Amino acid sequence: MATFQPVRGMHDLLPQEARRFSFLIEQGRALARQYGYKEVHTPILERAEVFSRPLGESSDVVGKEMYLLTDRGGETLALRPEGTAAIVRAFLSNGLTDVLPWKIFYAGPMFRYERPQKGRYRQFHQLGIESIGSATPWEDTESIALAYRYLISLHIEAILEINTLGDTPSRAAYKEALVTYFTKGRSSLSALSQRRLDQNPLRILDSKEPEDQELVRNAPLLKDFLTPEAQMFFETLCLGLQTLGIPYRHNPRLVRGLDYYTHTVFEFVPSTGSGTVLAGGRYDHLVTLMGGPAIPGFGWAAGIERLSLMASIEEKMECLIAVIAIGYEAEAHVYADLFRRQGRIVEVFCGKDLGKLLKKADKRGARYAVVFGEEEKRSGTILVKDLDRRTQEHVPLACLERFAADLL
Ligand code: ATP
Ligand code: MG
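Residues numbered from 1 in each chain as written. Chains lettered and ligands numbered in written order. Predicted model: local features only at pLDDT ≥ 70, side-chain atom pairs only at ≥ 80, totals over all residues. Heavy atoms only, no water.

Q: In this structure, what is going on with the sheet that holds strand β11 (residues 297–303)? I would like to understand it.
A: Backbone-to-backbone hydrogen bonds join strands into a sheet, with any given pair of strands oriented parallel or antiparallel. Strand order in the open sheet formed by eight strands is β1-β5-β6-β11-β10-β9-β7-β8, with mixed pairing between adjacent strands. Bordering the open sheet on either side are β1 (38–39) and β8 (249–250), each of which pairs with just one other strand. Contacts between helix α9 (residues 228–243) and the sheet are confined to β7 (158–164), β8, β9 (262–270) and β10 (278–282), with β7 contributing the most and set at about 160 degrees to the helix. (Pairing = 2+ DSSP bridges. Helix = DSSP H or I, 4+ residues; strand = E, 2+ residues; numbered from the N terminus. Contact = heavy atoms within 4.5 Å. Axes fitted to C-alpha atoms, helices over the stretch in contact; angles between N-to-C directions.)

So, in structure tokens, the structure goes:
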């Protein structure tokens, strides 16, 4: 019988990778805490509209990538494709709109039906922050600074690209100009972008279809349609980044795939050319889109698989103690417990042949072997072997606790 394989685009995190993931999340969590963020967990399943309404049917995530299922009660649910809409749902359904800002850190699996390739999976993991309730460009600056410090701490070299999508009046004026421009060239657009032209012309700028590229390249730029307020907002952000010493590049063609962004959008693009590692922006209308009051927000998310591909993490060697019992299994487990209560990592090996057991312990990467056999039983001691230094000593059982605490 054939064995089961994981679902395409989904993978097991085996111990080494799982450790890297834990490290990346712990590092992000600790740094976010320094900036005043608190962690929350939201469910993996949400009602599908939690995502389809704010992200827009014409977004790739909703239109092509969302995992949908009908539960036994007939309700349409989605495996969450991203964190922001779920966090805003939690913000609203828990009635948290009175105490602002609400600053949240999250980490966990996300699901998108995409073509799997390096750094792109169908179950992947994100960590991110959302700051709900602050409307000033300094909020954007501070949140981007957190992202920047995080990537630096992981030794990831990535270029920060920023842009502004302006406010509602800027967007309306720009949209009109875009429609005029793309309508003239309509026949040379891809079928997908012709549809976008009617539904959501801004999205054409995000097109990956080769036949669209020429028109997209020469399209009008939003920066020429900004209201003075939107212009000012963007300038303050740039100034803020300069003040904090954060290098950036203004990419006037950067648009993000989701409908809910306003003003600032940004991405950290690895200097080695592979996909975006961390991205986000401001979403001043998202809370209203989801049925709440007019409360602004800002957030970003990083793909943990992509972080892991790029991060250089110093692996701390774990100090494993092998408790080896020649006979005397019960005693071995008592001593193992004693070492564990001192915070040590311990595995127990029982058998008859000390040589074989030592070899086994060595293969597991043990730093110390603690041997208890006939001779130790008689003398009331335990034999401690330092497997690196190749030294050994008999420790009286009465001193064992002290010894365990002082061990390297
Ligand atoms: P891309 O353009 O690479 O598809 P995106 O704009 O769809 O990215 P976001 O929705 O902004 O991505 O998600 C934030 C981050 O999550 C991305 O920068 C990336 O690191 C990660 N990410 C997104 N989709 C995937 C995926 N399918 N597999 C692994 N990581 C992903
Ligand atoms: Mg995508």
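Q: Would you mind going over the site of ligand 1 with me for this structure?
A: Not every one of the 15 residues close to ligand 1 is listed here, only the nearest: Arg-112, Glu-114, Arg-120, Tyr-121 and Arg-256. Within the side chain of Arg-120, a nitrogen or oxygen atom sits 2.8 Å from an oxygen atom of ligand 1. Val-277 has a polar backbone atom sitting 3.1 Å from an oxygen atom of ligand 1. When isolated, ligand 1 has an accessible area of 580 Å², and the protein chains bury 87% of it. Where the shell around ligand 1 is concerned, the elements lending two or more residues are β6 (123–132), β10 and β11. (Near = heavy atom within 4 Å. Polar contact = N/O pair within 3.5 Å; in protein donor to acceptor, adjacent residues only side chain to side chain. Areas by Shrake-Rupley, 256 points an atom, 1.4 Å probe, with all protein chains shown as cover.)

Q: Before we go on, may I ask you to explain the pairing of strand β14 (residues 366–372) in this structure?
A: Each regular strand shows side chains that alternate between the opposite faces of the sheet. Here β14 lies mainly inside the structure; seven of its seven residues are buried. Where strand β12 (residues 320–326) meets β14, six bridges bridge the pair, whose relative direction is parallel. Considered in β14, the bridge of Ile-324 is made with Val-371. (Buried < 20%, exposed > 50% of the residue type's maximum accessible area, 1.4 Å probe, protein only.)

Q: Whenever I open this one, helix α6 (residues 168–184) confuses me. Can you help?
A: An α-helical turn contains 3.6 residues, so a residue and the one three or four places further along point in the same direction. Look at α6: 25 Å from first C-alpha to last across 17 residues, which is about the 24 Å you get at 1.5 Å a residue. On its buried face, α6 sits against α7 (191–199), α8 (213–217), α9 and β9. (Expected span 1.5 Å × (residues − 1).)

Q: Would you mind showing me how to read the side chain of Arg-282 here?
A: By secondary structure assignment, the location of Arg-282 is in strand β10. Judged by its relative accessible area of 0%, Arg-282 falls in the buried class. Side chain to side chain, Arg-282 and Asp-284 meet in a polar contact 2.8 Å long.

Q: Got a minute to help me understand the packing of helix α5 (residues 137–153) against α9 in this structure?
A: To characterise two packed helices, one gives the angle between the axes of the helices and the distance between these axes. For the pair α5 and α9, the least separation of the axes is 8 Å and the interaxial angle reads 40 degrees. The interaxial crossing formed by α5 with α9 has right-handed handedness. Contacts between α5 and α9 pair Pro-137, Trp-138, Asp-140, Thr-141 and Ile-144 from the former with Phe-233, Thr-236, Leu-237, Gly-240 and Leu-241 from the latter. In terms of residue class, the contact of α5 with α9 is built from six nonpolar, three polar and one charged. (Left-handed = near helix turned anticlockwise from the far one by under 90°. Nonpolar A, V, L, I, M, F, W, Y, C, P; charged D, E, K, R; others polar.)

Q: Please clarify how helix α4 (residues 84–93) should be interpreted in this entry.
A: Most of α4 is tucked away, with seven of its 10 residues classed as buried. Packing partners of the buried residues in α4 comprise β2 (45–47), α2 (49–55), β5 (102–111), β6 and α10 (286–289). With its phi angle positive at about 60 degrees, Gly-95 sits one or two positions after the end of α4.

Q: How do you make sense of unusual backbone geometry when you look at a structure like this?
A: For residues besides glycine, phi is generally negative; the peptide bonds are generally trans as well. A cis amide bond, omega 0 degrees, links Leu-100 with the succeeding residue Pro-101. Following the sequence through the fold, Pro-101 ends up in the loop between α4 and β5. Positive phi values are uncommon outside glycine, yet Tyr-328 reaches one of about 45 degrees. Relative accessible area serves as the criterion here: at 23%, Tyr-328 is assigned to the partly exposed category. Its identity is not glycine, yet Arg-390 carries a phi of approximately 55 degrees, on the positive side. Along the chain, Arg-390 falls in the loop between β15 (381–386) and β16 (391–396). You can call Arg-390 exposed: its relative accessible area is 74%.

Q: Even after reading the chapter, I still don't get the nonpolar core, so can you show me in this structure?
A: Within soluble globular proteins, side chains that are nonpolar generally end up buried alongside one another. Counting residues in each nonpolar core, the largest one holds 47 residues, and the members touching the most others are Ile-132, Phe-182 and Leu-205. Within the residue set of this core, elements represented by two or more residues are α2, α3 (60–65), α4, β5, β6, α6, α8 and α10. The greatest single-element share of this core, amounting to five residues, is contributed by α4. Discounting residues that sit within four places of it in the chain, Ile-132 has contacts with Ile-87, Val-88, Phe-91, Leu-100, Pro-101, Trp-102, Tyr-283, Val-287, Ile-295, Pro-296 and Gly-297. Leu-237, Phe-268, Leu-278 and Leu-307 belong to the second-largest nonpolar core, a separate cluster that totals 37 residues. (Core = buried A, V, L, I, M, F, W, Y, C linked by side-chain atoms within 4.5 Å.)

Q: Mind showing me how you'd approach the environment of Arg-203 here?
A: You can see Arg-203 is positioned in the loop between α7 and α8. When the C-alpha positions of Arg-203 and Gly-240 are compared, they lie 29 Å apart, and in sequence the two are 37 residues distant.

Q: Help me out: how do you make sense of the packing of aromatic side chains in this one?
A: Two numbers describe a pair of aromatic rings. These are the distance of the centres and the angle of the planes. The final tally for this structure, using the stated rule, is eight aromatic pairs. Pairing Tyr-181 with Phe-182 gives two aromatic rings, centres 5.0 Å apart and planes at 70 degrees, and the pair type is edge-to-face. Across this residue pair, the class does not change: Tyr-181 and Phe-182 are buried. For the pair Phe-266 and Phe-268, a centre-to-centre distance of 6.1 Å together with 90 degrees between the ring planes defines the contact as edge-to-face. (Phe/Tyr/Trp six-rings, centres within 6.5 Å; stacked < 30°, edge-to-face > 60°.)

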